[in-house]
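Architecture and fold: a report
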Amino acid sequence: MIPKHKHTQKLCVQIKRQIATLKAQIEEERKRRKTGRNLWFIEKHGAAQLILAGFTKSGKSSIISRITNAKPTISDYPFTTVEPVAGMLPYQDIAFQLVEVPSFQPTLGNSTWNLRVLGLIRNADGLILTLNLQEDPCWQFNFVRKILENSKILVEKPKARVVVERKNVGLGIQVLGRLLDGTYEDVKQLLNSYKIYNATVKIYGEATLDDVEDAIFEGVVYKPTLILANKIDLKNSNEKLENLKRMVEGKIRILSVSCKTGEGLEKLGFEIFSLLDILRVYTKHPAKKEPSTEPIILKNSSTVLDVAKEIHSSLYKKFGYAKIWGPSAKYEGEKVGGDHMLMDGDIVEIHSK
């Protein structure tokens, strides 16, 4: 039974979307069994996976073929790409996996086609939205954003984050930010309406009761997004680019590029690295002089204990101390504890108890 309160209509819409998504997954599974392979499943590789999405003729295929090892079919016909195509983009000593997905079909709404694309975006680490400056980029962006938001995918970093951890400890609510439209008791009643009596709820930033409800169903996801304003080499493109910048208001990164001349594409690796808010950490074994050449990729604000956990659970449990070389160290080989905050390029040598 669906709880009878003011959120009921919203919940019904969400359930209908989930049913549509499940139907699309079932259809894909049926085809996989028939053909022996899932054409829409792309295993993650590299430092992160980013989806290259947009409308047909936006230049996605030309871009991915120019900057990666991928070989998509490129033609003047619309909807040439009918299944995902993956390639690796080198950046310094790491590489990002770019996945070109079939173009959105605006006339089909929540079709199996669009739902497959949305499923790939939801599972990726980030989104590269390719807009065609030959057309109206503002319309393209608004249309895609609406499709994404209807599927609970955000391209702008939300002001709030709510974490609901189911535990048999009673109900604990921690407001670490600010609840805009309710009280502790309102949150408790909302949780109880879904028969949640044992959980810890942590509210960060400026949150609403809707944010709490979305967290209950783990429905909303934020995908770091970069806009590629493509075909900057063409006439009147700069004017359209400025219109796009005014509309976005700096809330989303925009990189102007040309899939024909290559202009701007040399900056893409740096833009992705900055967008994902990640850092590289190199591990060093106490018995060896040189650190690893392949870094561990972590989120900014990660600690030495995060490195230990990434290497092995036993090293995390038996952590003693670490030695640090690099930007976060006060001096080379500084001895630190597990809560030491790391920076990009650090070398970490972990010693167990």
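First things first, this report covers the structure right here in the doc. (Residues numbered from 1 in each chain as written. Predicted model: local features only at pLDDT ≥ 70, side-chain atom pairs only at ≥ 80, totals over all residues. Heavy atoms only, no water.)

Within the protein one finds ten helices and 17 strands. Taken over 353 residues, the protein has a buried fraction of 44%. A fraction of 66% describes how many contacts in the protein between residues 6 or more apart in sequence connect residues 24 or more apart. Carbon and sulfur atoms provide 50% of the accessible area of the protein, an area that totals close to 19,100 Å². (Helix = DSSP H or I, 4+ residues; strand = E, 2+ residues; numbered from the N terminus. Buried < 20%, exposed > 50% of the residue type's maximum accessible area, 1.4 Å probe, protein only. Contact = heavy atoms within 4.5 Å. Areas by Shrake-Rupley, 256 points an atom, 1.4 Å probe, with all protein chains shown as cover.)

The tendency in soluble globular proteins is for nonpolar side chains to be buried side by side. With 32 residues, the main nonpolar core has Ile 51, Phe 104, Ile 121, Phe 141, Leu 148 and Leu 244 as its most contacted residues. Contributing elements (two or more residues each) for this core: β1 (49-54), α3 (112-123), β4 (126-132), α4 (137-150), β11 (225-230) and α7 (237-248). If we ignore the near neighbours within four places in the chain, the residues touching Ile 121 are Ile 51, Ala 53, Phe 104, Leu 127, Leu 148, Ile 153 and Lys 223. (Core = buried A, V, L, I, M, F, W, Y, C linked by side-chain atoms within 4.5 Å.)

Now for the sheet that holds strand β2 (residues 85-91). Ordered by their spatial adjacency, six strands build an open sheet running β2-β3-β1-β4-β11-β12, and the pairing between neighbours is mixed. Two strands bound the open sheet, and with one partner strand each, they are β2 and β12 (253-257). Between one strand axis and the next, the sheet turns through 25° on average, direction left out of account. Relative to strand β3 (residues 94-100), β2 runs antiparallel, the two sharing seven bridges. Bridged to Ala 86 within β3 is Val 99. (Pairing = 2+ DSSP bridges. Axes fitted to C-alpha atoms, helices over the stretch in contact; angles between N-to-C directions.)

On to the packing of helix α5 (residues 184-193) against helix α6 (residues 209-217), then. It is at 11 Å that the axes of α5 and α6 come closest, and there the two elements cross at 35°. Between α5 and α6 lies a crossing of right-handed hand. Of the residues in α6, those touching α5 at Asp 186, Val 187, Leu 190 and Leu 191 are Leu 209, Val 212, Glu 213 and Ile 216. When grouped by side-chain class, the residues that make up the contact of α5 with α6 number six nonpolar, no polar and two charged. (Left-handed = near helix turned anticlockwise from the far one by under 90°. Nonpolar A, V, L, I, M, F, W, Y, C, P; charged D, E, K, R; others polar.)

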